[in-house]
Amino acid sequence: MRFIDEIRIVIGSGHGGPGAVSFRREAMTPRGGPDGGDGGKGGDLILRATPHLNSLVDYRANKKYIAKNGLPGEGAKSSGANGADMILLLPKGTIVRNMEGQVLADLADMDECVLLKGGRGGKGNHFFKTSVNQAPEHAQPGEGGEEMEVTLELKLIADVGIIGFPNAGKSTLISRISAAKPKIADYPFTTLVPNLGVVKVADFKSFIVADIPGLVKGAHQGVGLGIQFLKHIERTKFFIHLVDASGLSQRDPLQDYEDINNELKMYDEANQDKDGFFPLTNRTQFVVLNKIDTLSEAQLTKLKTDFQKRFNVKPIAISAYTGKNIAELMTFLTQNLFEQEENSL
Ligand SMILES: Nc1nc2c(ncn2[C@@H]2O[C@H](COP(=O)(O)OP(=O)(O)OP(=O)(O)O)[C@@H](O)[C@H]2O)c(=O)[nH]1
Ligand SMILES: [Mg+2]
């Protein structure tokens, strides 16, 4: 199934039905009073988040989503039926923006909202009867609905995002710590769409990790798969910055680390004016050196020292392949995630 995370559609609420102009007609009352009923209310345009979707692919087929109009009022004071609501089922974390880019709704924070209210039904002539006007000949028209063009933008919801070069072992790591089964292979750009994995930890707690397609130098200019998937880790609490320490890639792990951080910076610069944007560069990063099964003790010690000297960071060293230090990494992540939560209570 294709993964679609941005799409433009037209949405609308229904018009209110018009009120009726009608007079009672019965055999014994030749000049019956006004009995025109009210029009029905137009349907609302409702957004509803569902955990069962993780793509906007269903919205490709149809570009217009309009609620039904209210029906006209009728004689005998009978009101028109209300128009049916239009309910858009959307993945949790979908953001709805108008054409100016303003956020109208964010389904990360709420499960349901009425985005456009349906128009009120018009009053029938029965409503306008007064002591001085016993036979009003007019009724109200229904109130109009609203219609607008919007973009739906999906930002997956995860607690931890894994960033790094293609082939760094991001998918291998997520497959080891969760039930996610992404494709793993010895060539770059194996992962083409984001994967989510639920990591179960003690005490019935769990957290969600996002594995996104690898970044390369120049990604902000569209090199490789570009930086388009970074939006899916915009809302994570922190990043695992996974570095291929093996040297098998013929690249320098320190340079890789710097290049990825530079791409994050470029992403922030390009998006800083967007409504609701959370910059990536000030997110806490845990630097994790992967594939240490291919290094000697001495090589690893030197690499750690180099990271410390050049960037003042203390990397955690693992092998996603053999599982070395994975348990320690999970304990470390869990502590940071849940301590942060407890502190913010
Ligand atoms: N020796 C060794 N190889 C590893 C380790 N982790 C991953 N690999 C290998 O590295 C290659 C790439 O792994 P992936 O998990 O597909 O890498 P990725 O970061 O998801 O790559 P993209 O999806 O292309 O961005 C595979 O051949 C893995 O078997 C490790 O700890 N040690
Ligand atoms: Mg991958």
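Values in this document were obtained by computation on a predicted structure and should not be read as measured data.

A.B. asks: Help me get a handle on the domain arrangement of the chain, residues and values and all.
C.D. replies: Partitioning the chain into structural domains gives domain 1 (1-154) and domain 2 (160-343). A C-alpha centroid distance of 46 Å is found between domain 1 and domain 2. On the side of domain 2, 8 residues touch domain 1, which itself brings 13 residues to the contact. Both faces considered, domain 1 and domain 2 share a buried interface measuring about 810 Å² in area, 47% of it formed by carbon and sulfur atoms. With a shortest N-O distance of 3.5 Å, Asp5 and Lys231 are connected by a salt bridge. Where domain 1 touches domain 2, the interface holds 5 residue pairs in polar contact (both at pLDDT 80 or more). For the side of domain 1 that touches domain 2, the elements supplying multiple residues, two or more each, are β5 (94-98), β6 (103-106) and β8 (147-154).

A.B. asks: Explain the packing of aromatic side chains to me, using residue names and the numbers behind them.
C.D. replies: Applying the stated rule across the entire model yields 8 aromatic pairs. On the basis of an interplanar angle of 75° and a centroid distance of 4.7 Å, the ring pair of Phe238 and Phe286 is categorised as edge-to-face. Highlighted residues: Phe238 in strand β12 (residues 238-244) and Phe286 in strand β13 (residues 284-290), separated in sequence by 48 residues. A residue is classified by how much of its surface remains accessible, and Phe286, at 12% relative accessible area, is buried. Each ring, one from Tyr257 and one from Phe307, has its centre 5.4 Å from the other, and the planes form 75°; the classification is edge-to-face. Of this pair, Tyr257 sits in helix α2 (residues 253-271) while Phe307 sits in helix α3 (residues 297-311); the two residues are 50 residues apart in sequence, bridging distant segments of the chain.

A.B. asks: Describe the sheet that holds β6, naming the residues involved and giving the relevant values.
C.D. replies: Pairing is mixed in the open sheet, where 5 strands are placed in the order β3-β1-β8-β5-β6. Each of the sheet's edge strands pairs with one partner strand only, and the pair in question is β3 (64-66) and β6. Between one strand and the next, the sheet's axes are offset by a mean angle of 30°, whatever the strand orientation.

A.B. asks: Lay out the site of ligand 1 in plain terms, naming residues and giving numbers.
C.D. replies: Not every one of the 24 residues close to ligand 1 is listed here, only the nearest: Lys170, Thr172, Phe189, Thr191 and Asp293. Contacts to ligand 1 include Thr191, whose side-chain N or O atom sits 2.7 Å from an oxygen atom. Here an oxygen atom of ligand 1 and a side-chain polar atom of Asn290 are 3.1 Å apart. More than half of the atoms belonging to ligand 1 lie within 2 Å of the grid points that define the largest pocket. Examining the composition of the shell around ligand 1, we find that 3 residues originate from one element, helix α1 (residues 170-177), more than from any other. Partitioned by chemical class, the residues of the shell around ligand 1 number 10 nonpolar, 10 polar and 4 charged.

Rules used in this analysis
- Residues numbered from 1 in each chain as written.
- Chains lettered and ligands numbered in written order.
- Predicted model: local features only at pLDDT ≥ 70, side-chain atom pairs only at ≥ 80, totals over all residues.
- Heavy atoms only, no water.
- Domains from an automatic or database assignment.
- Contact = heavy atoms within 4.5 Å.
- Buried area = accessible area lost by both parts, 1.4 Å probe.
- Salt bridge = Lys/Arg side-chain N within 4 Å of Asp/Glu carboxyl O.
- Polar contact = N/O pair within 3.5 Å; in protein donor to acceptor, adjacent residues only side chain to side chain.
- Helix = DSSP H or I, 4+ residues; strand = E, 2+ residues; numbered from the N terminus.
- Phe/Tyr/Trp six-rings, centres within 6.5 Å; stacked < 30°, edge-to-face > 60°.
- Buried < 20%, exposed > 50% of the residue type's maximum accessible area, 1.4 Å probe, protein only.
- Pairing = 2+ DSSP bridges.
- Axes fitted to C-alpha atoms, helices over the stretch in contact; angles between N-to-C directions.
- Near = heavy atom within 4 Å.
- 1 Å grid on protein atoms, 1.4 Å probe; cavity = no way out; pocket = protein on both sides within 12 Å on 5 of 7 lines; lining within 4 Å.
- Sits in = over half its atoms within 2 Å of the grid points.
- Nonpolar A, V, L, I, M, F, W, Y, C, P; charged D, E, K, R; others polar.

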